[in-house]
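Listed here are the chains, written in short residue letters.
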Amino acid sequence: MHTVLVTGATGFTGSHVLQRLDGQPGLRAIAACRDSARLAVPFAGEIRSGDLRDAAYVNGLCRGVDTVCQCAAWTSLHGHRRDSRERFLEPVLRLIDAAHAAGVRRFINVSTTSAAAPDHSADADSAGIPRRYWPHLCNVVAIEERLRALAGTGFSVINLRIGLFAGNRYGLGLLPILLPRLRTHLVPWVAGGRTGMPIVDGRDIGQAFLRAVQAPASAAYRSYNIVGPTVPSVREVIGYLHAESGCPLPHFSVPFPAAFAFAWLLEMLDPLLPWDPLVTRSIVHLLRDTQADNDRARVELGYEPEYGWREAVRTQLGEMAQRQRRPMRMAVPPD
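I will try to describe carefully the structure that is included in this document. (Residues numbered from 1 in each chain as written. Predicted model: local features only at pLDDT ≥ 70, side-chain atom pairs only at ≥ 80, totals over all residues. Heavy atoms only, no water.)

Considering the overall build of the protein
Point 1. Looking only at helices and strands, one finds 11 helices and 11 strands in the protein.
Point 2. By the compact-globule yardstick of 20 Å for 335 residues, the protein fits well, its C-alpha radius of gyration being 19 Å.
Point 3. Overall, the C-alpha framework of the protein stretches about 55 × 40 × 40 Å when taken along its three principal axes.
Point 4. Out of the 335 residues belonging to the protein, those deemed buried represent 56%.
Point 5. In the protein, the share of contacts with a sequence separation of at least 24, taken over all contacts with a separation of at least 6, comes to 79%.
Point 6. The positive charge centre, built from 37 side chains, and the negative charge centre, built from 31, are 3 Å apart in the protein. (Helix = DSSP H or I, 4+ residues; strand = E, 2+ residues; numbered from the N terminus. Rg over C-alpha atoms; globule rule 2.2 N^0.38 Å. Buried < 20%, exposed > 50% of the residue type's maximum accessible area, 1.4 Å probe, protein only. Contact = heavy atoms within 4.5 Å. Lys, Arg positive; Asp, Glu negative; His and termini not counted. Charge placed at Lys NZ, Arg CZ, Asp CG, Glu CD.)

Examining the pairing of strand β4 (residues 67-70)
Point 1. Both faces of β4 are covered, namely the face carrying T67 and C69 and the face carrying V68 and Q70.
Point 2. Across three bridges, the pairing between strand β1 (residues 2-7) and β4 is parallel. Residue L5 lies in a different strand from β4, and its bridge partner there is V68.
Point 3. Relative to strand β5 (residues 106-112), β4 runs parallel, the two sharing four bridges. Its bridge partner being in β5, T67 is matched across the sheet by R106.
Point 4. With respect to chirality, the unit in which β4 leads through helix α3 (residues 81-101) into the neighbouring parallel β5 is right-handed. (Pairing = 2+ DSSP bridges. Right-handed = clockwise from strand over helix to strand, strands pointing away.)

Describing unusual backbone geometry
Point 1. Its identity as a non-glycine residue notwithstanding, H185 has a phi of 70°, on the positive side.
Point 2. Its location among the elements puts H185 in the loop between α5 (174-182) and β8 (189-190).
Point 3. Although it is not a glycine, Q291 sits at a positive phi angle of roughly 60°.
Point 4. Mapped onto the elements of the fold, Q291 is located in the loop between α9 (281-286) and α10 (295-301).

Some remarks on the nonpolar core
Point 1. Counting 46 residues, the largest nonpolar core has M197, I199, L241 and V313 as the members making the most contacts within it.
Point 2. Of all the elements in the fold, those that place two or more residues in this core are α4 (135-150), β7 (164-166), α5, β8, α7 (234-245), α8 (256-269), α9 and α11 (309-323).
Point 3. At six residues, the largest contribution of residues to this core is made by α5.
Point 4. Not counting residues within four places of it along the chain, the set of residues in contact with I199 comprises L164, A166, V227, G228, V237, W309, A312 and V313.
Point 5. Counting residues in each nonpolar core, the second largest holds 33 residues, with V41, F43, I108 and Y224 among its members. (Core = buried A, V, L, I, M, F, W, Y, C linked by side-chain atoms within 4.5 Å.)

Some details on α4
Point 1. With 16 residues, α4 extends 23 Å from end C-alpha to end C-alpha; this agrees with the ideal 22 Å at 1.5 Å per step.
Point 2. Along α4, the positions that sit buried rather than exposed are P135, H136, L137, C138, N139, V140, V141, I143, E144, L147 and L150.
Point 3. Where α4 is buried, its residues touch α3, β5, β6 (156-162), β10 (221-226) and α9.
Point 4. Of the residues flanking the end of α4, it is G152, one or two places downstream, whose phi is positive at about 90°. (Expected span 1.5 Å × (residues − 1).)

Some words on the sheet that holds β5
Working definition: the strands of a sheet are paired by backbone hydrogen bonds and lie parallel or antiparallel to each other.
Point 1. Strands sit in the order β3-β2-β1-β4-β5-β6-β10 across an open sheet of seven strands; the sheet is parallel. The sheet is open, and its two edges are formed by β3 (46-49) and β10, each paired on a single side. Each strand axis lies, on average, 20° off the axis of its neighbour in the sheet, ignoring direction.
Point 2. Set on the sheet, α4 makes contact with β5, β6 and β10; between it and β5 the angle comes to about 155°.
Point 3. Where helix α6 (residues 202-214) meets the sheet, its contacts fall on β1, β2 (27-33), β4, β5, β6 and β10, and the angle it forms with β5 comes to roughly 150°. (Axes fitted to C-alpha atoms, helices over the stretch in contact; angles between N-to-C directions.)

As structure tokens, this is what we get:
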């Protein structure tokens, strides 16, 4: 029996991964989370409750585990440098070291297609590029580099660079941030909306992790882009949001340099205002074309996404109508 630990099991990624792994022949899933009452899917297996900020908990977490699926995250689209370090970077680095020390054979990490430079992001093995204006992304890249350094020391690493997630049980992401901003009539097209928006449904993320768990053993660091069956343009997605929710279309377009400059100005004004900036450089960065596709994941992992971007967006819009009574903040609130 192959034992798989899923961290962040109550979050968006972790809940979909746990749901996909649970009940698979030959696999025994363990859920790691702070509060088992918040598990979003029925789960009768072992639960290891605790906080990844607790070193004693982390040191014993990987006991008897063959594979770790690292899905835990504290996320921010703007600022919160200290929170991101203390709530995300340091706990995940501690988890990586604990897994390595415990003899875990495989570590599967959730990352983002936005980690690499846009002109290199089609190659998921390319180095991540830290962006000083986005502390959380810097930490995502730092985690990739730690895993890259440990791979080949009896520690197999699979890094999954995932597109913009959508679907049920959504958390902080581009769509719930973008929609209320579009309704202000102040958000323009960037580069005419011609760049790609690599949306992926949570259920396909679960499938990607399952394929990574089942992949043949390797001592190398392997990284894969994981997106939906097709990658729509930003214009297609916003046009669909307009048709489904009635949000206005942007009234004008600006090039990326102007968008980054305007976002920088709004970030500088942020300390003086009681609300989040209308646009940040992180949002503009997410609109840049990554050229990500599933070709390598399809060949090497057998990953075949099943849920198109329209279905994922429609599902999330339905859930947002029930859950999101006010605009979402750009960081997960501190607990």
